[in-house]
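# Inside the fold
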Amino acid sequence: MSQTTILVADDEKEIADLISIHLKKEGYNVITVADGVEAIHMIQKQVIHLVILDIMMPNMNGYEVTQKIRESYQMPIIFVSAKTSDFDKVKGLVIGADDYMTKPFTPMELVARVKAQLRRYTVLNGAKEERNNVLEYGELCIDKDKRMVTLYDKEVDLTRKEFDILFLLASHPKKVFDVETIFQQVWDDLYFEGANTVMVHIRTLRKKLKEDERKDKRIKTVWGVGYSFHG
């Protein structure tokens, strides 16, 4: 997962397309959605590094989306809205947005602000990053740098893909990953018939982690959706 993914939520297709074009020129992966409910669904479905939100959207407005995001995620959020009052700007920042731009806007300025927020987020989380490379859940320890997993202080022999699946799930506890996303993230390839491949790896991973001996499973199957990790 080397490419930064940005989610653009705006019900004005022309605006969303304009933002997408300029961000893609900078090498970002861009996903566009047209309403707040779609935005939340996409964030739950895959890893998003930054969100650009309109305020006035159908089904769920930008304020509501921001509040929902902040219940579980810390990625930067930038409002791009036609609302120009100080009240709207302050409200957006208070509920959890990191920046606020008014329409019409200059694409170059938006790109600059995106880069600044991503840079700031990386710096602020730099101290956490090293710590987050070692995940501990009771008797289970996952060390990303050493690519080593121990259970009750005994090393668990995992294949490269098994380790990558485990670290992906464990680094986002309780987040549900669908099979397609797991395949794309771990195999770094387009998803065609990867469902069986993922299921086989999950099965062997569970066996090696002695999940059959645990009443409360760590790797849970969310039927019809995918898998999630519970420490």
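All values reported here derive from a predicted model rather than from experimental measurement. Sequence order as written defines residue numbering, which begins from 1 separately in each chain. At least 70 in pLDDT is required for a residue's local features to be given in this predicted model, at least 80 for side-chain atom pairs to be given and counted, and no such filter applies to totals for whole chains, interfaces and linings, which use all residues. Computation of side-chain values: all heavy atoms of the structure, hydrogens and water removed.

### A short note on the UniProt feature "domain: Response regulatory" (unreviewed entry) in the chain
UniProt positions are given in the numbering used here, feature names are shortened, and annotations may be inferred rather than shown by experiment. Within this structure's numbering, the places UniProt gives as "domain: Response regulatory" (unreviewed entry) are residues 5-118. What you have in residues 5-118 is 46% helix and 20% strand, and the ends, taken at the C-alpha atoms, are 11 Å apart. Elements are defined by DSSP. Helices are runs of H or I of four residues or more, strands are runs of E of two residues or more, and each kind is numbered from the N terminus.

### Some words on the environment of T4
Residue placement: T4 occurs in the segment before β1 (5-9). In the structure, T4 is positioned 27 residues away from I31 in sequence and 11 Å away in space, judged by C-alpha atoms. Excluding residues that lie within four positions of it along the chain, T4 makes contacts with Y28, N29, H49 and L118. Residue contacts are counted whenever heavy atoms from the two residues lie within 4.5 Å of one another.

### Some points on the nonpolar core
Side-chain atoms within 4.5 Å are what join buried Ala, Val, Leu, Ile, Met, Phe, Trp, Tyr and Cys residues into a set we call a nonpolar core. Relative accessibility decides the category of a residue: with a 1.4 Å probe and only protein chains considered, values under 20% of the type maximum give buried, values over 50% give exposed, and everything between is partly exposed. Judged by nonpolar contacts, the single largest core of 28 residues is most densely connected at I142, V149, L166, L169, I182 and I219. Elements represented by at least two residues in this core include exactly β6 (134-137), β7 (140-143), β8 (148-151), α7 (160-170), α8 (179-187), α9 (195-208) and β12 (226-229). Among residues more than four places away in sequence, those in contact with L169 are F177, I182, I202, I219, Y227 and F229. Of all hydrophobic cores here, the second largest spans 23 residues; its members include I31, I48, V51 and M57.

### Concerning the packing of aromatic side chains
Aromatic pairing here means that ring centres of Phe, Tyr or Trp (its six-membered ring) are within 6.5 Å. Orientation follows from the plane angle: under 30 degrees is stacked, over 60 is edge-to-face, and everything else is tilted. Tallying each qualifying case throughout the model produces five aromatic pairs. Ring centres 6.2 Å apart and planes at 10 degrees place the aromatic pair F163 and F167 in the stacked group. In this pair, F163 and F167 both sit in helix α7, four residues apart, roughly one turn of the helix. Per residue, the accessibility class of F163 equals that of F167, and both read buried.

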